[in-house]
Amino acid sequence: MQKKWRLRSPKLFKKVYQEGQHSFNNLLVIHYLSWGGETKIGLSVSKKVGNAVVRNKVKRRLRAILANVVENIKAGVLVVFVVRPTAATASFDQLNVSVINLLKKAKLLKEA
């Protein structure tokens, strides 16, 4: 995922958690908030998911999925994906379906 899409600021993460909406499934929780700037996407993977190797594997998979999807996300949205421990054993395809379904459920994908 390109740098321009990354959400890095702790203040913005906090804002999304406090003021935004959320949606979830068995693998991920998505927090999102409309704002005036560019679309930014952040990832949150706690130690509950697994050790560093497992957490990094999940993050790499999510970044690859989001790199393909990010162009289809509506403009001006802050999005944070929180990974649940069940995602540690999920396949790439399962994560991909989970991300797409959450984005559709939150109505964050552009109309085609």
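Higher on the page you've got the structure.
Caption draft 1: Fine view of the overall build of the protein chain. When helices and strands are tallied, the protein chain shows 3 helices and 4 strands. Counting from the amino terminus, helix and strand elements in the protein chain follow one another as α-β-β-β-α-β-α. Projecting the C-alpha coordinates of the protein chain onto the three principal axes gives extents of approximately 35 × 30 × 25 Å. The buried share among the 112 residues of the protein chain stands at 39%. Long-range pairs, those at least 24 residues apart, make up 80% of the contacts in the protein chain between residues at least 6 apart in sequence. When the accessible surface of the protein chain is split by element, carbon and sulfur atoms take 51% of a total near 6,700 Å². Within the protein chain, one finds 22 positive and 5 negative side-chain charges whose respective centroids are separated by 11 Å.

Caption draft 2: Geometry of the environment of Ala64. Residue placement: Ala64 occurs in helix H2 (residues 52-69). Residue Ala64 is classed as partly exposed on the basis of its relative accessible area, which comes to 35%. Linking Ala64 and Met1, residues 63 residues apart in sequence, is a C-alpha distance of 6.9 Å.

The rules behind the values
- Residues numbered from 1 in each chain as written.
- Predicted model: local features only at pLDDT ≥ 70, side-chain atom pairs only at ≥ 80, totals over all residues.
- Heavy atoms only, no water.
- Helix = DSSP H or I, 4+ residues; strand = E, 2+ residues; numbered from the N terminus.
- Buried < 20%, exposed > 50% of the residue type's maximum accessible area, 1.4 Å probe, protein only.
- Contact = heavy atoms within 4.5 Å.
- Areas by Shrake-Rupley, 256 points an atom, 1.4 Å probe, with all protein chains shown as cover.
- Lys, Arg positive; Asp, Glu negative; His and termini not counted.
- Charge placed at Lys NZ, Arg CZ, Asp CG, Glu CD.

Limitation: the analysis is restricted to geometry and does not speak to function.
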